[in-house]
Amino acid sequence: MASSESTQTPEQQALSPEELKLRKEKVRRLVLLRGVLLGLIMGAWWALFAPDSLVEAP
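Residues numbered from 1 in each chain as written. Predicted model: local features only at pLDDT ≥ 70, side-chain atom pairs only at ≥ 80, totals over all residues. Heavy atoms only, no water.

(A) Spotlight on the overall build of the protein. Counting its secondary structure elements, the protein contains three helices and zero strands. Accessible surface for the protein amounts to roughly 5,900 Å². Of this, 64% is attributable to carbon and sulfur atoms. (Helix = DSSP H or I, 4+ residues; strand = E, 2+ residues; numbered from the N terminus. Areas by Shrake-Rupley, 256 points an atom, 1.4 Å probe, with all protein chains shown as cover.)

Dropping the structure here:
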């Protein structure tokens, strides 16, 4: 198994621990935002276009 240093191109540099932490927080925030927006879109679709036979009272 190759180490991460041997797989990096010369232009890439290893991130410092602080930079790595900031990048992880940014990515986590973007993933959470994407999940919330996708949930809102799916909820709106369900509220507007769900078949009446699925949501009718028995």
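(B) The arrangement of the packing of aromatic side chains in detail. Throughout the structure, instances matching the rule amount to one aromatic pair. With centroids separated by 6.2 Å and ring planes inclined at 45°, the aromatic side chains of Trp-45 and Trp-46 adopt a geometry described as tilted. A residue is classified by how much of its surface remains accessible, and Trp-45, at 46% relative accessible area, is partly exposed. Residue classification places Trp-46 among the partly exposed residues on the basis of a relative accessible area of 42%. (Phe/Tyr/Trp six-rings, centres within 6.5 Å; stacked < 30°, edge-to-face > 60°. Buried < 20%, exposed > 50% of the residue type's maximum accessible area, 1.4 Å probe, protein only.)

(C) Up close: a nonpolar patch on the surface. Among the surface-exposed residues, Leu-30, Leu-32, Leu-33, Val-36, Leu-37 and Leu-40 lie close enough to one another that they form a single nonpolar patch of about 590 Å² accessible area. With respect to the element layout, Leu-32 can be found in helix 2 (residues 17-49). For Leu-32, a relative accessible area of 58% corresponds to the exposed category. (Patch = residues over 30% accessible without salt bridge, like charges linked within 9 Å, V, L, I, M, F, W, Y side chains within 5 Å. Salt bridge = Lys/Arg side-chain N within 4 Å of Asp/Glu carboxyl O.)

(D) Geometry of helix 2. Taking 1.5 Å as the rise per residue, helix 2 with 33 residues should run 48 Å; its terminal C-alpha atoms sit 47 Å apart, in good agreement. With respect to burial, helix 2 is a largely exposed element, only zero of its 33 residues being buried. (Expected span 1.5 Å × (residues − 1).)

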